[in-house]
Amino acid sequence: AQSVSQHNHHVILSEAASLELGCNYSYGGTVNLFWYVQYPGQHLQLLLKYFSGDPLVKGIKGFEAEFIKSKFSFNLRKPSVQWSDTAEYFCAVNAGYGNKLVFGAGTILRVKS
Amino acid sequence: DGGITQSPKYLFRKEGQNVTLSCEQNLNHDAMYWYRQDPGQGLRLIYYSQIVNDFQKGDIAEGYSVSREKKESFPLTVTSAQKNPTAFYLCASMEMAGGPDTQYFGPGTRLTVL
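The rules behind the values
- Residues numbered from 1 in each chain as written.
- Chains lettered and ligands numbered in written order.
- Predicted model: local features only at pLDDT ≥ 70, side-chain atom pairs only at ≥ 80, totals over all residues.
- Heavy atoms only, no water.
- Helix = DSSP H or I, 4+ residues; strand = E, 2+ residues; numbered from the N terminus.
- Rg over C-alpha atoms; globule rule 2.2 N^0.38 Å.
- Contact = heavy atoms within 4.5 Å.
- Areas by Shrake-Rupley, 256 points an atom, 1.4 Å probe, with all protein chains shown as cover.
- Lys, Arg positive; Asp, Glu negative; His and termini not counted.
- Charge placed at Lys NZ, Arg CZ, Asp CG, Glu CD.
- Pairing = 2+ DSSP bridges.
- Axes fitted to C-alpha atoms, helices over the stretch in contact; angles between N-to-C directions.
- Buried area = accessible area lost by both parts, 1.4 Å probe.
- Salt bridge = Lys/Arg side-chain N within 4 Å of Asp/Glu carboxyl O.
- Polar contact = N/O pair within 3.5 Å; in protein donor to acceptor, adjacent residues only side chain to side chain.
- Nonpolar A, V, L, I, M, F, W, Y, C, P; charged D, E, K, R; others polar.
- Disulfide = S-S within 2.5 Å.
- Buried < 20%, exposed > 50% of the residue type's maximum accessible area, 1.4 Å probe, protein only.
- Phe/Tyr/Trp six-rings, centres within 6.5 Å; stacked < 30°, edge-to-face > 60°.
- Lys NZ or Arg CZ within 6 Å of the ring centre and 35° of its normal.

Novice: Break down the overall build of chain B for me, with residues and values.
Specialist: When its secondary structure is counted, chain B shows zero helices and 11 strands. The linear arrangement of helices and strands in chain B, starting from the amino end, is β-β-β-β-β-β-β-β-β-β-β. A globule of 114 residues ought to have a C-alpha radius of gyration of about 13 Å, and chain B, at 13 Å, matches this closely. Seen through its principal axes, chain B has C-alpha atoms that stretch 45 × 30 × 25 Å. A separation of at least 24 residues holds for 53% of the contacts in chain B among residues at least 6 apart in sequence. Entry remark: accessible area of chain B is about 5,400 Å², with carbon and sulfur atoms responsible for 48%. For chain B, the distance from the average site of its 11 positive side-chain charges to the average site of its 12 negative ones is 9 Å.

Now the structure itself:
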């Protein structure tokens, strides 16, 4: 069965610090990869996605992620976080029939102002 | 205003009762999904439907049932057989034409069993 592993459940950073959230998945075939974000009290929304092409993808609010096929990884990065980035971040993989998403456990990011 | 609506936002249920959560979308999406979110576990797929009058079980379908009588609606019933129903339930939809795409999520329903 496919699985998605997010390395850290809680991350605390100060404003302007750099962010990298790890995501690894287990599936040997073609995958579509996503990062979703859930701000406090808001809908789960798409941050960025990778389907094909350039493995470095850019998303909203200055986030980017790099797909490294050999490492089965899709890590999320942001050079300088803001207080408003406080949220829970989910990595997800779409692979196989039905376009079902398999989610990681989530990483709760708290940015101190 | 296009989107996915879920109602109610909060729902309280007594043990032994069935309860139905509503999910409606006006995005004209073919596929709809129900997920359950628990702290520290991410989202887990309950049921999904790619076409009207057809649906498939996800990873944790036991104790749940769904119907897909209309393209825009995908209600989820949490039955008394679900052993631990207190959770946050999210509905999503996705366009199927042209291959895999992005799932868009509703605001969720928080169910508490008293």
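Continuing now.
Novice: Break down the sheet that holds strand β3 (residues 19–25) of chain B for me, citing the residues and quoting the values.
Specialist: Residues and elements named next belong to chain B. The strand order across the open sheet built from four strands is β1-β3-β8-β7, with neighbouring strands paired in antiparallel fashion. Among the strands making up the open sheet, the edge pair consists of β1 (4–7) and β7 (64–66). Mean inter-strand twist for the sheet, computed between neighbouring axes without regard to direction, equals 20°. When β1 meets β3, the two strands line up antiparallel, connected through four bridges. Bridged to threonine 5 within β3 is glutamate 24.

Novice: Tell me about the interface of chain A and chain B, and name the residues and values.
Specialist: With 21 residues of chain A at the interface, the matching set in chain B holds 21 residues. Both sides of the chain A and chain B interface together cover about 1,700 Å² of buried area, and 54% of this is carbon and sulfur. With its nearest N and O atoms 3.8 Å apart, the salt bridge here joins aspartate 101 of chain B to lysine 49 of chain A. Where chain A touches chain B, the interface holds six residue pairs in polar contact (both at pLDDT 80 or more). Within the residue set of the side of chain A that touches chain B, elements represented by two or more residues are β5 (32–38), β6 (44–50), β10 (87–94) and β11 (101–103) of chain A. Counting residues per element, the side of chain A that touches chain B draws most heavily on β5 of chain A, at four residues. Looking at the side of chain A that touches chain B residue by residue, the class counts come to 10 nonpolar, eight polar and three charged.

Novice: I'd love a proper account of the pattern of salt bridges, names of residues and values included.
Specialist: Overall, the coordinates contain eight salt bridges over all chains when judged by the stated rule. Arginine 44 of chain B is paired through a salt bridge with aspartate 38 of chain B; the nearest N and O atoms lie 2.8 Å apart. Taken together, the shared-partner salt bridges connect Lys58, Glu64, Glu66 and Arg77 of chain A into one network.

Novice: So what's going on with the state of the cysteines? Residues and values would help.
Specialist: Residues and elements named next belong to chain A. Tallied over the entire structure, the rule returns two disulfides over all chains. One disulfide bridge connects cysteine 23 with cysteine 91, the sulfur atoms lying 1.9 Å from each other. Disulfide cysteine 23-cysteine 91: torsion about the S-S bond near -65°, hence left-handed. Here the residue cysteine 23 occupies a position in strand β4 (residues 23–26), and cysteine 91 occupies one in strand β10, the gap between them amounting to 68 residues. Take cysteine 23: its relative accessible area is 0%, and that puts it in the buried class.

Novice: An account of the side chain of glutamine 25 of chain B is requested, with residue identities and associated values reported.
Specialist: Tracing the sequence through the fold places glutamine 25 of chain B in strand β3. Excluding residues within four positions of it along the chain, glutamine 25 of chain B makes contact with Gly3, Ile4, Met32, Arg68, Lys71, Glu72 and Ser93 of chain B.

Novice: Describe the packing of aromatic side chains, listing the residues and the values that go with them.
Specialist: Under the defined criterion, the tally for this structure stands at 15 aromatic pairs over all chains. Between phenylalanine 90 of chain A and phenylalanine 103 of chain A the ring centres are 6.3 Å apart and the planes differ by 85°, which places this aromatic pair in the edge-to-face class. Here phenylalanine 90 of chain A, found in strand β10, pairs with phenylalanine 103 of chain A, found in strand β11; they are 13 residues apart in sequence, far enough to count as distant. As far as burial versus exposure is concerned, phenylalanine 90 of chain A and phenylalanine 103 of chain A are alike and both buried. Among the aromatic side chains, those forming a connected cluster through ring pairs are Phe34, Tyr36, Phe51, Phe90 and Phe103 of chain A together with Tyr33, Tyr35, Tyr48 and Phe105 of chain B. The residue whose ring lies beneath lysine 49 of chain A is phenylalanine 51 of chain A, and the NZ or CZ to ring-centre distance is 5.2 Å. Of note, arginine 68 of chain B hangs over the ring of phenylalanine 74 of chain B, and the distance from its end group to the ring centre comes to 6.0 Å.

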